[in-house]
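What follows is each chain in one-letter form.
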Amino acid sequence: MEQAIINLEEAFRREKAAPELLKCETELVSLVGRAVEAQEEALSIEPQNPQEHFTGRLYQLDLDRVKYLLAAYLRTRLLKIQSQIMQIVTYDLTEILSPEEYEFAEKYYSIKRNHFTKSFLKELPGNLRELNQKQPGELKDMNEGPDLRKFVFVRVKRNIGVVQLSDNEYLDLNENGIYLLPYVVAKSFFEDKSLELI
């Protein structure tokens, strides 16, 4: 269970730091959720003596911390789904969502589309009435995703060596070093666990 909590902390840190919505850690969330329920059930038994009462309070504090961590991870994901809903729908990024998140995204998109249609889209020319269409020509695409050039802090887990940041910029990423990199550069390295977002 302790390793699952550590993994959840890392997943929360990655999700919080990354500008894009990452793949949901569905199994991890489910595992921690079941463990929280089991611990709550165990703590619901009335303590027999003062020592058990004190120990129970310590377990309750730790349980509250884990529940907060789980809620913070899920809340961060929901906020990203809301802010990136057009990209999720347009480019069919549903494989990175849990089944519950997918249901939320469908409902949220439907509500947003209906509100926009009733508010102003019905007044626009026919070719501009759809929320999730890519616009040709000089019109800005309304489905523009998160800025992957955003800078993120990373900690290097193993020596990576020299990486190219731009046309004429290079950086040597050494083990245990902390760097500020564009997310687009860091992404491939954190996916293969060479570095972590912090």
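Residues numbered from 1 in each chain as written. Predicted model: local features only at pLDDT ≥ 70, side-chain atom pairs only at ≥ 80, totals over all residues. Heavy atoms only, no water.

Colleague: For the pairing of strand E1 (residues 151-156), give the residues involved together with the corresponding values.
Modeller: Burial along E1 is one-sided: Val152, Val154 and Val156 are buried, and none of Phe151, Phe153 and Arg155, which face the opposite way, are. Sheet analysis places E1 next to strand E4 (residues 178-182), joined by five bridges and oriented antiparallel. When the bridges of E4 are listed, phenylalanine 151 appears paired with proline 182. The sheet contact formed by E1 and strand E5 (residues 195-197) spans three bridges and is antiparallel. Bridge pairing links valine 156 to leucine 195 in E5. (Buried < 20%, exposed > 50% of the residue type's maximum accessible area, 1.4 Å probe, protein only. Helix = DSSP H or I, 4+ residues; strand = E, 2+ residues; numbered from the N terminus. Pairing = 2+ DSSP bridges.)

Colleague: Account for a nonpolar patch on the surface, with residues named and values stated.
Modeller: Residues Phe151, Phe153, Ile178, Leu180 and Ile198 make up a contiguous nonpolar surface patch of roughly 480 Å² in combined accessible area. Broken down by secondary-structure element, the contributors of at least two residues to the nonpolar patch are E1 and E4. Looking at the element boundaries, leucine 180 is found in strand E4. (Patch = residues over 30% accessible without salt bridge, like charges linked within 9 Å, V, L, I, M, F, W, Y side chains within 5 Å. Areas by Shrake-Rupley, 256 points an atom, 1.4 Å probe, with all protein chains shown as cover. Salt bridge = Lys/Arg side-chain N within 4 Å of Asp/Glu carboxyl O.)

Colleague: Lay out helix H6 (residues 183-191) with the relevant residues and their values.
Modeller: Within H6, the full set of buried residues consists of Tyr183, Val185, Ala186, Phe189 and Phe190. For H6, the angular spread of buried residues about the axis comes to 150°, placing them on one side. Buried positions along H6 lie against helix H1 (2-17), E1, strand E2 (161-166), E4 and E5. Of the residues trailing H6, lysine 193 is marked for its positive phi of about 65°. (Arc of directions from axis to C-beta. Contact = heavy atoms within 4.5 Å.)

Colleague: Give me the lowdown on the packing of aromatic side chains, citing residues and values where you can.
Modeller: Tallied over the full model, the rule gives three aromatic pairs. Ring geometry for tyrosine 183 and phenylalanine 190: centres 6.0 Å apart, planes at 45°, overall tilted. The residues tyrosine 183 and phenylalanine 190 share a single accessibility class, namely buried. (Phe/Tyr/Trp six-rings, centres within 6.5 Å; stacked < 30°, edge-to-face > 60°.)

Colleague: Hey, could you go over the packing of H1 against helix H3 (residues 50-83) for me, with residue numbers and the actual values?
Modeller: With their axes 10 Å apart at the nearest point, H1 and H3 run at an angle of 30° to one another. With respect to their mutual orientation, H1 and H3 come out roughly parallel. Crossing of H1 against H3: the hand is left-handed. Between H1 and H3, the residues in contact are Ile5, Leu8, Glu9, Ala11, Phe12, Glu15 and Lys16 and Arg65, Val66, Leu69, Leu70, Ala72, Tyr73, Thr76, Arg77 and Lys80, respectively. Its residues placed into classes, the contact of H1 with H3 shows nine nonpolar, one polar and six charged. (Axes fitted to C-alpha atoms, helices over the stretch in contact; angles between N-to-C directions. Parallel < 35°, antiparallel > 145°, perpendicular 65-115°, else oblique. Left-handed = near helix turned anticlockwise from the far one by under 90°. Nonpolar A, V, L, I, M, F, W, Y, C, P; charged D, E, K, R; others polar.)

Colleague: Residues and numbers for the sheet that holds E5, please.
Modeller: On the basis of which strands lie adjacent, the open sheet formed by three strands has the order E4-E1-E5 and antiparallel pairing. Strands at the two margins of the open sheet, each flanked by one partner only, are E4 and E5. Taking each pair of neighbouring strands and ignoring which way they run, the sheet shows an average axis angle of 40°. Lying on the sheet, H6 is in contact with E1, E4 and E5; it crosses E4 at an angle near 115°.

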